[in-house]
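Here is how the chains run, residue by residue.
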Amino acid sequence: MPVATVVLQVDPLRPDRAPVARAARVIRRGGLVAFPTETVYGLGADGLNPEAVKRLFAAKGRPQDNPFILHVASVEQAWVLVDWERGRGGAREAAGQLAARFWPGPLTLVLPAAPVVPREVTAGLDTVAIRMPDHAVALALIEEAGCPLAGPSANVSGRPSPTAAEHVLEDLEGRIEMILDAGPTGVGVESTVLDLTRRPPVVLRPGGVTAETLAEVVGELRELSPGDMGEGPAPSPGTKYRHYAPRAPLLLATRLPPAGLERLLAEGRRLEEAGRRVGVLVADEEAPLIPAAWLVRTVGSRNHPREVAARLFAAMRDLERLGVDVILALPYAEEGLGRAIMNRLRKASSGPL
């Protein structure tokens, strides 16, 4: 049965206690609240309440074998969720060092789950994913609720992640009780997920903290490979299923500009001649070369990948709202944050351009 979705405005830096306390009461009753983080908007439920977690799956239409991340407000709250006795050598030390450097921030750590963590959160795995968001509203909500929040992105499963409250409303109005609206998020792509139960540690999902920066702390690490997936539940959100896809098919060029741009222009002209309404997702540098009749959304300069990451999902949703039949996009160099950008574009893509 649909519910009335209430939207409350909150200051992103100094959130008033009243709306946060109201949202926390919803959480404690087993309800669902969308809240801002530094990466994207999350959809929060009491992470220690199995019934509330089941509501998360239902609201998002999320596959049951896709685990959630637990969001915490302190290191002490995080470590209660971990069974250190089952940790592999050095996991506790590495987790402490990483938390000291990157928390609060866009880094999720996968560690052995303590018995207190419901199996609904972990999709039946014996590991739990934990992070501390770097956003005053998120931290205030977790503290006020008094529990870790299971917090996937606040969108229907498979859609572009929401970087503004209006994106949440587009997808989840009538499915959740409340949205705390603190304006647009900053990072724009989800957290990096690092599995510390494996040796060397494995980056399960690239995100806001680059692999190069992580290596400064943990030394050797490796990227997720097809052999890491297995047949069971996904080892991390964002690894097993198609994600981030707009309603219009997105075709991704296989080569960087200038070759990739030439291919995009040729395919765009062919589609236009066939009567298709063409949308284009490009960096600032390519925008002046796109025909005026096409609908263009830019995501910032190629020299500023943080700007590209922050604007990527919103640009997809903008083109979708404009009613394009197809979206053509260009790739980015896969170094630093570019790995996360390309991960999201490949997951969103319907095929190569």
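Source: prediction; values computed, not measured. (Residues numbered from 1 in each chain as written. Predicted model: local features only at pLDDT ≥ 70, side-chain atom pairs only at ≥ 80, totals over all residues. Heavy atoms only, no water.)

A. Geometry of the overall build of the protein. Helix and strand content of the protein: eleven helices and 16 strands. For the protein, the C-alpha radius of gyration of 20 Å lies close to 20 Å, the compact-globule estimate for 353 residues. With respect to the principal axes defined by its C-alpha atoms, the protein has extents near 60 × 50 × 40 Å. Within the protein, buried positions represent 58% of all 353 residues. (Helix = DSSP H or I, 4+ residues; strand = E, 2+ residues; numbered from the N terminus. Rg over C-alpha atoms; globule rule 2.2 N^0.38 Å. Buried < 20%, exposed > 50% of the residue type's maximum accessible area, 1.4 Å probe, protein only.)

B. Just unusual backbone geometry, in detail. Each neighbour pair has its own omega, and for Trp 103 with Pro 104 the value is -10°, a cis peptide bond. With respect to the helices, strands and loops of the structure, Pro 104 is situated in the loop between helix 4 (91-102) and strand 5 (107-112). Of note, the amide linkage connecting Arg 199 to Pro 200 takes the cis form, showing an omega dihedral of -5°. Looking at where Pro 200 falls in the secondary structure, it is placed in the loop between strand 9 (192-195) and strand 10 (202-205). Even without glycine at this site, Ala 123 takes up a positive phi of about 55°. By secondary structure assignment, the location of Ala 123 is in the loop between helix 5 (119-122) and strand 6 (127-131).

C. Quick look at the sheet that holds strand 15 (residues 326-329). Strand order across the open sheet formed by five strands is 14-13-15-12-16, with parallel pairing between neighbours. Edge positions in the sheet fall to strand 14 (295-298) and strand 16 (351-352), since each has one partner strand and no second. Two strands pair when backbone bridges link them, and strand 13 (residues 278-282) and strand 15 are joined in this way by four bridges, in the parallel orientation. Pairing of Gly 279 across the sheet is with Ile 327, part of strand 15. Together, strand 12 (250-252), strand 13, strand 14 and strand 15 form the strand contacts of helix 10 (residues 305-321), whose direction differs from that of strand 13 by roughly 170°. (Pairing = 2+ DSSP bridges. Contact = heavy atoms within 4.5 Å. Axes fitted to C-alpha atoms, helices over the stretch in contact; angles between N-to-C directions.)

D. Quick look at the packing of helix 1 (residues 17-28) against helix 6 (residues 136-145). Remark: helix 1 packs on helix 6, axes separated minimally by 8 Å, with the N-to-C direction vectors making an angle of 55°. Judged on the interaxial angle alone, helix 6 and helix 1 are oblique. Considering the relative orientation of helix 1 and helix 6, their crossing is right-handed. Touching Arg 17, Val 20, Ala 21, Ala 23, Ala 24, Ile 27 and Arg 28 of helix 1 are Ala 140, Leu 141, Glu 144 and Ala 145, all from helix 6. For the contact of helix 1 with helix 6, the per-class residue count stands at eight nonpolar, no polar and three charged. (Parallel < 35°, antiparallel > 145°, perpendicular 65-115°, else oblique. Left-handed = near helix turned anticlockwise from the far one by under 90°. Nonpolar A, V, L, I, M, F, W, Y, C, P; charged D, E, K, R; others polar.)

So yeah, pure geometry; function would need other evidence.
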